[in-house]
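Architecture at a glance
Chain by chain, the residues:
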Amino acid sequence: MNEVNLEHLLTISEFSQRYPKYKESKIRWWIYRSKLTKGAASDLPANGFAQCFTRPPGERTILLIEPKVLEWLLSGQKQGGRNV
């Protein structure tokens, strides 16, 4: 990960509070779909969200990189075949 200002790291809950339009469940779905999902019916492509979060070593907490999330949202990325 490139050098990131610590002020730009937010928990899922903090991001959701700052941007109420994006519920915690939706953000968790983006994280889940950030990698290729293989299924019996078809393969679903990754949504590109993997660049928008990090997990500190040895911790379970996921930290969102606010500027990257906002850039991802503005770029019109898709989630599971639907626009975000």
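Heads up: these notes are all about the structure in this document. It should be emphasised that the depicted structure is a prediction, and the values quoted were computed from it without experimental measurement.

Next up on the list: the sheet that holds strand β5 (residues 63-65). The strand order across the open sheet formed by 3 strands is β1-β5-β4, and the pairing between neighbours is antiparallel. Of all strands in the sheet, those with a lone pairing partner are β1 (9-11) and β4 (53-54), marking the two edges. Strand direction decides the pairing type here: β4 and β5, joined by 2 bridges, are antiparallel. Across the sheet, residue T54 finds its bridge partner in β5, namely L63.

What follows deals with the pattern of salt bridges. Pairs may arise between side chains of opposite charge once their charged atoms sit close together. A full pass over the atoms with the stated rule returns 2 salt bridges. Ionic pairing is found between E66 and R18, a salt bridge with its closest N-O pair at 3.0 Å. With a gap of 48 residues between them, E66 in helix α3 (residues 66-74) and R18 in helix α1 (residues 12-18) connect regions that are remote in the sequence. For E66, a relative accessible area of 8% corresponds to the buried category. With relative accessibility at 47%, the residue R18 sits in the partly exposed group.

This part is about the packing of aromatic side chains. Under the defined criterion, the tally for this structure stands at 7 aromatic pairs. With a centroid separation of 5.5 Å and an interplanar angle of 55°, the aromatic rings of W30 and F49 are classed as tilted. With W30 in helix α2 (residues 24-32) and F49 in the loop between β3 (43-44) and β4, this pair connects stretches of sequence that are 19 residues apart. The exposure classification of W30 matches that of F49, with both residues buried. Put simply, the rings of Y22, W30, F49, F53 and W72 pair up and form one aromatic cluster.

The rules behind each value
Residues numbered from 1 in each chain as written. Predicted model: local features only at pLDDT ≥ 70, side-chain atom pairs only at ≥ 80, totals over all residues. Heavy atoms only, no water. Pairing = 2+ DSSP bridges. Helix = DSSP H or I, 4+ residues; strand = E, 2+ residues; numbered from the N terminus. Salt bridge = Lys/Arg side-chain N within 4 Å of Asp/Glu carboxyl O. Buried < 20%, exposed > 50% of the residue type's maximum accessible area, 1.4 Å probe, protein only. Phe/Tyr/Trp six-rings, centres within 6.5 Å; stacked < 30°, edge-to-face > 60°.

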